[in-house]
Structures are given as structure tokens and as C-alpha cells.
Amino acid sequence: MFENLTEKLQRSFKNLRGQGSLTEKHVEEGLREIRLALLEADVNFKVVKQLVANIRKKALGREVLTALSPAEQILKIVRDELVGLLGTKQARLKRKSPPPSVYFMVGLQGSGKTTSSGKLALWLSKQGRKPLLVSVDVHRPAAREQLAIVASQIAQPIYRGAETESSPVNLALGALREARQTGRDTVLVDTAGRLHLDSELMGELEELRDRLGPSEILFVADAMTGQDAVKSAAEFHARISLTGVVLTKMDGDARGGAALSIRQVTGCPVKFLGVGEKPSAFEVFHPDRIVSRLLGMGDMLSLIEKVEEQIDQKQATELQRRVLKNRFTLEDFRKQLQQVRKMGSLKSIVDMLPAAGPFKQIQATDVDSKELSRTEAIISSMTAKERANDSLLNGSRRRRIAAGSGTTVQQVNQVLKQYRQACAMMRGMVPGSKPVRRRRRRRKKRKRGRRRASRSHRIARGRGR
């Protein structure tokens, strides 16, 4: 997400580099580039106008730091303004006391309400909550069955109610009763949608709101629709008072205009982002982290959190022990690839890295997500002995592995090269591995020295010296 906007903003900052001081001319040139970048990213024009005015005021005022270069000054001001635009703090979900809390998922048809309901339920369960799902969409055929399938995929409970029940309010109240009886602390209500706004839909939502008193009314918007999503959110907010927004399909939106506009236009904070098809592809919206990613600074905190969530600590400790003892095998390499795949697409991981320093080349690389699957297939085509000892892999074995994995011998060779590079890199990164290697070298050197001394002494005795 944000690829186009990030690229254009970085280009505008690059034009300011090398300048000795920040003048009004530099500011105007930089603002022109920033304005065009935001408008091309489909940011609301009123938001762009206000944002540019704020940046100009700060850049030409007393808030400029003389210790910074012109590019750094503009970058700092733009960052502060964008964080203020998106909200300085993460907007947390409200909870009702006593439970259960009721969360409505509202929006137009096709925006991703049902999928987002499942993703939110899974996210809440990871936070120690006990959600209960219910669909009150009695208009669309098989809508309730669709949510039941989603619930089974994420192993979360769902309230079905009577098959003949046609009242959304009765379904929602039934789910609330079941939540109280079974100790569930959250009820996620997947509401009906329409292809367009109409009085019937709004009347139904207003009745549900009045009867259940939800803690959160989350508008689910398709980020791919850009300003149409912002307009729909504003209309929903005017009728039922939204408390937050969930932006879906952010992985497919390279512009990001909806994310930057929606809070300013509606006054409602963005709370979550849908960044993929998997149930786990669901992120909390951190304004400061999103802005850092947007400006090419990366989002290392989110990357660390994702790693900690997916990596098994026991396996990590065992891997470290094996690396220290120089026992990192192809089987271990395959397990590491599987762990990386759990974290999501390679593109989403690379997007969190800063577009500078040693990561700049990685950012510019065209990441092929199929490469991990191909590598895993090649390693899986090996026998257990081959995975434990890569020195067994001669030419005939490599041809057999290539045929078994549907690849070429060259691709098998490439995987082995990557594996050996990973071995060398991990031995260099893990604390304690280098001293071990040096001690081994010193031990071998001492043995060679003793053998030479013994040989010299034997020769000297043979000559009678």
C-alpha cells in the first residue's frame, strides 16, 4: 500500500537535498510536488489544501530548526502534519462494563464486512477476548451461511438462530442473550449492506443501534474505491454516528488516498486495516507508524510485533543452539521458510523496511512470493538424509530433486547456494559463533605445531644431534 504516494513524496524531498538553506522558493517548489503527489494519490482536495497550508505556515515560520537541512526540515514538518491528520494516537476499541460489548460492522455491499468480521473476531481472540459472531443480514441469499463458513475457518463461535427468523433485531438480541449465558464478552454483528444508500437500510441500522446500544459502530470501507469510500462513510456517520473505520483491500491500493482523507472528512478514526486475504491479514492502524511507512522510513515496530507473534520461541532457541554447533541443516532452512510464510506476503514484509541504507536495494527488488513456495518444494523433494547432510547432493541426486519438484537443476543449485549463504550469515550474526570458530582454528594450529615439533625432534635424533 501507498507505493505511488511514497515514491512521489520521496522524489519531492530528493529535490531539496543539497540545498544550503531553506528559502521561500524551496518551500514552494517542495509544496508543489507534495500537492501533486497527494492529489494523484486520490486524497480529498480539501484535505490537501488544508495540509499544504499548514506545512507552508510552519516551513516559513519560526518552527524551522536551523540545525536541519532543507529536506530534513520539510520531511519533519510533513511527518508531523500527516500524523496530526491521521490522529496522533491509536484509536482503541471501547469496551462495555459489564460485558458483553456489542460491535456493529456496517457498510455497503461488497466492502468486505463479513470477512472483516471474521478477521476482527480472530484478532480479539488473540488479545484474550471471547467474541461471538452473528449475521443479521436477512436480505442477501446465503449471507448467514457465509459468516458461518468464515467462523469455522477461524475456529470462532457463531450464533445462528432459527433458520426462519427474518428479524435482524431478534437475531441480534438472541446473540446477546447467548453471549451472556456462555460467558462471551464481545458480540460482533455483521449487518446487511446495499449496493447504494437507501432509507430502508438506514432505518434498519438505526433500529438495531437503538435496541442494542453498541459500544462500537465500525464502517467497513473498500480502500480501492478511493473517495467514494470517504463519501459513503460521511453519509453513514451523519445517520448512525460511526465510532471508527475499517479499511479493507489496502494491499491492493497503491494510492492510499482514502486512508489519509477519511478521518478529516468524517471525524472518525481509522482503527483497522485489511491487508490481505488470510484471516490473520488484519492490522491495527497506528497513525505514526503508517506515516513513517508512507515517507519511506519503514515500520520496524510492526515488523518486530509480527515476528514475535509468528515465531515460536522454543524453535528459535533450538535454532540458535544448532547454529552455534554448526548443525544448521536444510530441514532447519525449510522450517525457517515456513515461519516467514506465516508472517504474510514478502511484499508486505519488505514494505515495513526503511527505503534507505542497507534496505534500499531490497525495496527496489521485485519480490516474487512464489519463490518461497518453489524453494520449499525443492527441499521437500529431498530425502531426510539429504536434508540432514547437503554434501550428499551430487549431480544425479540434484536431477532427481529437480524432476520431483517440477523445477530445473539450476534452480536446485540456486537453493543450495542460498542455503549456504544463510549458513554463513547466521554463523556471523549469532553471538558466540565467531569465537567458537576462532578457538577451533587455534586448536588445529596448535596440533599442527606439535606434529611439526615431534617430526623435527625425530629427524634430529636420527641424525645423532
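Values in this document were obtained by computation on a predicted structure and should not be read as measured data.

This part is about the sheet that holds strand β3 (residues 158-159). The pairing of strands in a sheet comes from backbone hydrogen bonds and takes either a parallel or an antiparallel form. Strands sit in the order β3-β2-β4-β1-β5-β6-β7-β8 across an open sheet of eight strands; the sheet is mixed. At either margin of the open sheet sits one strand with a lone partner, and together these are β3 and β8 (282-284). Running over the sheet, helix α8 (residues 199-212) touches β1 (101-106) and β5 (216-222) and is turned about 175° from β1. The sheet contacts of helix α9 (residues 227-240) involve β1 and β5, and relative to β5 the element is tilted by about 160°.

This part takes up the side chain of D222. Assignment of secondary structure puts D222 in strand β5. The class for D222 is buried, based on a relative accessible area of 13%. Side-chain polar atoms of D222 contact the side chain of K249, separated by 3.1 Å. Discounting chain neighbours no more than four positions away, the residues touching D222 are S111, A229, T248 and K249.

Cis geometry is adopted by the peptide bond preceding P98, which originates at S97 and carries an omega value of 0°. On the secondary structure map, P98 appears in the loop between α4 (70-86) and β1. P99 connects to P100 through a cis peptide bond whose omega is 10°. Counting through the fold element by element, P100 comes out in the loop between α4 and β1. Non-glycine residue S241 carries a positive phi angle of around 60°.

The subject of this paragraph is the packing of aromatic side chains. Under the defined criterion, the tally for this structure stands at six aromatic pairs. Ring geometry for W123 against F272: centres 5.0 Å apart, planes inclined by 75°, an arrangement best described as edge-to-face. One end of the pair, W123, is in helix α5 (residues 113-126); the other, F272, is in strand β7 (residues 270-274), and 149 residues separate them in sequence. Residue F272 is classed as buried on the basis of its relative accessible area of 2%. Judged by centre distance (5.0 Å) and plane angle (50°), the rings of F219 and F236 are tilted. Placement of F219 in strand β5 and of F236 in helix α9 is noted, with a sequence separation of 17 residues between them. Neither F219 nor F236 differs from the other in exposure class; each is buried. Ring pairing ties together the aromatic residues W123, F272 and F282, which thus form one cluster.

Scanning the model with the defined rule gives 17 salt bridges in all. E28 is paired through a salt bridge with R56; the nearest N and O atoms lie 3.0 Å apart. Here R56 lies in helix α3 (residues 45-59) and E28 lies in helix α2 (residues 24-40), a separation of 28 residues in the sequence. You can call E28 partly exposed: its relative accessible area is 26%. Linked by salt bridges that have partners in common, R194, D198 and E200 make up one network.

Counting residues in hydrophobic clusters, the biggest one holds 68 residues, and the most contacted among them are L82, V106, F236 and L247. Mapped onto the domain boundaries, this core takes at least three residues apiece from domain 1 (5-86) and domain 2 (101-297). Ignoring sequence-local partners within four residues, the contact set of L82 consists of L51, L260, V291, L294 and L295.

Turning to helix α17 (residues 370-380), its buried residues number three or more, namely L372, T375, E376, I378 and I379. When α17 is viewed along its axis, its buried side chains cluster within an angular range of 160° and face the same direction.

To continue, consider the packing of α2 against α3. Working note: a packed helix pair is described by the angle between its axes plus the distance between those axes. Packing of α2 against α3 brings their axes to within 10 Å, and their N-to-C directions diverge by 160°. By the criterion of interaxial angle, the relationship of α2 to α3 is roughly antiparallel. The hand of the α2/α3 crossing is right-handed. Of α3, the residues touching α2 (which contributes V27, E28, L31, R35, L38 and L39) are F45, V48, L51, V52, I55, R56 and A59. Tallied by class, the residues present in the contact of α2 with α3 amount to ten nonpolar, no polar and three charged.

What follows deals with the environment of L176. Relative to the elements of secondary structure, L176 occurs in helix α7 (residues 168-182). Spatially, the C-alpha atoms of L176 and L212 are 8.5 Å apart, while their sequence positions differ by 36 residues. If we ignore the near neighbours within four places in the chain, the residues touching L176 are P100, V102 and V187.

Within the secondary structure, R399 sits in helix α19 (residues 395-405). Classification of R399 by relative accessible area gives exposed; the value is 54%. Residues R399 and V412, spaced 13 residues apart in sequence, show a C-alpha to C-alpha distance of 8.5 Å.

Before going further, it helps to spend a moment on α19. Turning to α19, its buried residues are R398, I401, A402 and S405. For α19, the angular spread of buried residues about the axis comes to 100°, placing them on one side. Along α19, the residues that are exposed and aim more than 90 degrees away from the buried face are R399, A403 and G404. A positive phi of about 70° marks G406, the residue just after α19.

About the criteria used
- Residues numbered from 1 in each chain as written.
- Predicted model: local features only at pLDDT ≥ 70, side-chain atom pairs only at ≥ 80, totals over all residues.
- Heavy atoms only, no water.
- Pairing = 2+ DSSP bridges.
- Helix = DSSP H or I, 4+ residues; strand = E, 2+ residues; numbered from the N terminus.
- Contact = heavy atoms within 4.5 Å.
- Axes fitted to C-alpha atoms, helices over the stretch in contact; angles between N-to-C directions.
- Buried < 20%, exposed > 50% of the residue type's maximum accessible area, 1.4 Å probe, protein only.
- Polar contact = N/O pair within 3.5 Å; in protein donor to acceptor, adjacent residues only side chain to side chain.
- Phe/Tyr/Trp six-rings, centres within 6.5 Å; stacked < 30°, edge-to-face > 60°.
- Salt bridge = Lys/Arg side-chain N within 4 Å of Asp/Glu carboxyl O.
- Core = buried A, V, L, I, M, F, W, Y, C linked by side-chain atoms within 4.5 Å.
- Domains from an automatic or database assignment.
- Arc of directions from axis to C-beta.
- Parallel < 35°, antiparallel > 145°, perpendicular 65-115°, else oblique.
- Left-handed = near helix turned anticlockwise from the far one by under 90°.
- Nonpolar A, V, L, I, M, F, W, Y, C, P; charged D, E, K, R; others polar.

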